[in-house]
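So you can see what is in the structure, the chains are spelled out below.
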Amino acid sequence: MRKLRLGVDVGGTFTDVVAIDAESREVIARVKIPTTHTAVAGVAAGIVDGIARLLAESAIDPDEVAFIAHSTTQATNALLEGDVAQVGVLGLLDGLGPLARLQMRFGRLQLAPGLPFEPAFAFASAHDRDAMKESVGVLKQSGAEVLAATQAFSVDRPQGENDAVAIATDAGLFATSGHDVSTMYGLRARTRTAAINAAILPKMVRTARMTASAVREAAIHSPLMVMRSDGGVMDAREMERRPILTLLSGPAAGVAGALLHENVTDGIFIEVGGTSSDCSAIRAGMPQMRPARVGGHRTMLRTLDVRTLGIAGGSLMRASGEKIIDVGPRSAHIAGLSYACFMEPGAVDGAVFERFRPSVHDSDDYVALRGRDGTHIAVTPTCAANFLGYVPAGTFARGNAESAGKALAVLAAHFGTSPEALAKDLLDIASAKIIAAIDELIADYELDRETLVVVGGGGGAAALIPYAAKRTGLDFRLARDAEVISPIGVALALVREVVERTIVDPSPEDILRIRREAQDAVIAAGASPEGVETVVEIDSQRNIVRATASGATELAETAAHGVLDEEARLAAAARLMRTAVSGVRAVARTPGLTLYESGRMLRVLDRFGVGRLTLRDGMVRVTATGCAGEDLRDAIEDATAFGDVGRAMPNLYVLHGARIADYSGLLSADQAVALAEEELAGREPDAPVLILTSRRPA
């Protein structure tokens, strides 16, 4: 029996569902239905309907479903719209007294303009259950629907918070705690994060349970997984505990698709919809992250660094006098207009120029056409790109160039220009916003313009990405199945867990302990132990040690295109390194990885021809398991840079089997050797190991 992976992406307008063959990773079925924001069951109704339609229309046996997951915009929308529960914060006091009170109480937060969030507060002794019960009762009487328990140093001593959560649950309240949402010190930020998690908890729990119940009723036996904000997935039970981890779950799904369906190692991924575009950076096969802020305040949640732009395939033109001054942010979708390029040419005949205000909140400088029958017609970037021939055949954004040309001719006559010049002006203004975001991400993450690729996803990608890439000279491609790249990312996503600790001057033993904790957590969440990979980062300024463990469920470790022979892998390396095959040579290998060299560039490919790592001006040391520790110290010493502020550890990678261990975030050779020795434990002494380094400025 075949095994299938189902992915559901809940967007602002549509909910997409795809089924992917677990072995070939080919999309075998897809459906699109309107997102059910106004249904009694909320977006869960659309998820359920989409899954049911996919199974029925594609004759899929529920027993074939080996993995099912969905993304959600519900947490983000709840905060943006102020659709949150009344929260009571219970501060638990032990030896810190007044100081702890100050750290646990915070003022009103503005979730969005005009939408305040102001919990009720109460305090009780962390060692007095009767006092806790009394305080929980006071908070409930004040209207609290959910309780957030918080205590200083609860990451080390969670018993008080656990007692408070149990008492609140017995009292009929939803409840969460500080140590549930973060394992880092920082009482004020942890309390804020717990309160925000509490605010969205009731609604998210109801949705999760309704969706999980519907999946079971469909006779699908695989546990329901939910997309996290860092591009991994967690099971529905974990989502009921920490729904805040689903913030930016939607954009994260697209990035997961870029990583796992498009195999991007270094690049910019841009998901272009009808109203907005999400831009994010991928470096060394890892999405880039940043701390999340809510209401202008720092939380202890790390999310993908996504730059959202008010420009997309359906953005409307704006004009002042006789020239275009801007494109967007309002779109044809939101304004209820039809794209000219998706209409029959005859429907545009006789249309006239019109200025209008899409909504009472918009300016009156938007322009469109009014057809003979009163239909309002939008001339969008998608229309301009179709008219100028930039939209490839077979893509979702492909429309009728003749219709687009007729609409542009009407506007061009009004502005005293040609349709071609007007279309170019429209695309120049729209693409300039995309290009600015690309340049910003390249600068922020020090990406190499010569090796990165810009990948476009989403239904509107073909309208903007080819034109923007042409203007920048950057390499680009449109993702396969671009219009459903987000649900594909959900279907292929890895189980992920992050463990963070506040440790001053961490020892190798500290790092090993945290690494093991992250690995144990991700395995407990459903990852196959053999495929777990863990990256450890150390933030010496904030004294944070962070271990991120990722692993596939048992069916994810299958090839997308099959194993390639040496000749085909060499050709794939040449394509990735943008040179002729004659200019590339294989310099070293492990059983699952091959290292290629071309000029100053090193590139690692796996057996399937997928680029896994790129290094410019890198150094390689070939060794074996038995002597890897000593050789690792020598490699670090050779690549360490010294400067006025001291020494800087190099970028550092250890390759063995089919795995790449990234130790670039560590602070010392002792830490790297300790992790490497544990990583290589149990391997044959003569098993090949490659050590790759590149210098970083001190």
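You'll find the structure just up there.
Treat the numbers as computed from the prediction; the structure is a model and nothing was measured.

Trainee: Would you mind showing me how to read the overall build of the protein here?
Mentor: Counting secondary structure elements, the protein contains 20 helices and 39 strands. Against the compact-globule benchmark of 26 Å for 698 residues, the protein has a radius of gyration of 27 Å, which places it among compact chains. Seen along its three principal axes, the alpha-carbon backbone of the protein occupies a region of about 75 × 75 × 60 Å. Relative to its 698 residues, the protein shows a buried fraction of 57%. The contacts of the protein with a sequence gap of at least 6 include a subset with a gap of at least 24, amounting to 66%. Accessible surface, the protein: about 27800 Å² in total, of which carbon and sulfur atoms supply 50%. Measuring between centres, the 71 positive side-chain charges of the protein sit 3 Å from its 87 negative side-chain charges.

Trainee: Explain the sheet that holds strand β5 (residues 87-93) to me, please; I cannot follow it from the model alone.
Mentor: One key point about sheets: their strands pair by backbone hydrogen bonds, in either a parallel or an antiparallel sense. Strand order across the open sheet formed by four strands is β8-β5-β9-β10, with parallel pairing between neighbours. A strand with exactly one partner marks an edge of an open sheet, and here the two such strands are β8 (120-125) and β10 (174-177). Pairwise comparison of adjacent strand axes, ignoring direction, gives a mean angle of 25° for this sheet. Strand contacts of helix α5 (residues 159-170): β5, β9 (146-151) and β10, with the helix running at about 165° to β9, the strand carrying the most contacts. Sheet strands touched by helix α7 (residues 187-217): β5, β9 and β10. Its angle to β9, the strand with the most contacts, is close to 155°.

Trainee: I would appreciate a short explanation of the pattern of salt bridges in the present structure.
Mentor: In the structure shown here, the tally under the stated rule is 52 salt bridges. A salt bridge links Asp180 to Arg241; the shortest N-O distance between them is 2.5 Å. Here the residue Asp180 occupies a position in helix α6 (residues 178-181), and Arg241 occupies one in helix α8 (residues 236-241), the gap between them amounting to 61 residues. Assessed through its relative accessible area of 14%, Asp180 is described here as buried. For Arg241, a relative accessible area of 32% gives the class partly exposed. For Glu500, the salt bridge goes to Arg546, with nearest N and O atoms at 2.5 Å. Taken as a pair, Glu500 in strand β27 (residues 495-502) and Arg546 in strand β29 (residues 544-551) lie far apart in primary sequence, 46 residues in all. Here Glu500 falls in the buried class, since its relative accessible area comes to 8%.

Scoring rules and cut-offs
- Residues numbered from 1 in each chain as written.
- Predicted model: local features only at pLDDT ≥ 70, side-chain atom pairs only at ≥ 80, totals over all residues.
- Heavy atoms only, no water.
- Helix = DSSP H or I, 4+ residues; strand = E, 2+ residues; numbered from the N terminus.
- Rg over C-alpha atoms; globule rule 2.2 N^0.38 Å.
- Buried < 20%, exposed > 50% of the residue type's maximum accessible area, 1.4 Å probe, protein only.
- Contact = heavy atoms within 4.5 Å.
- Areas by Shrake-Rupley, 256 points an atom, 1.4 Å probe, with all protein chains shown as cover.
- Lys, Arg positive; Asp, Glu negative; His and termini not counted.
- Charge placed at Lys NZ, Arg CZ, Asp CG, Glu CD.
- Pairing = 2+ DSSP bridges.
- Axes fitted to C-alpha atoms, helices over the stretch in contact; angles between N-to-C directions.
- Salt bridge = Lys/Arg side-chain N within 4 Å of Asp/Glu carboxyl O.

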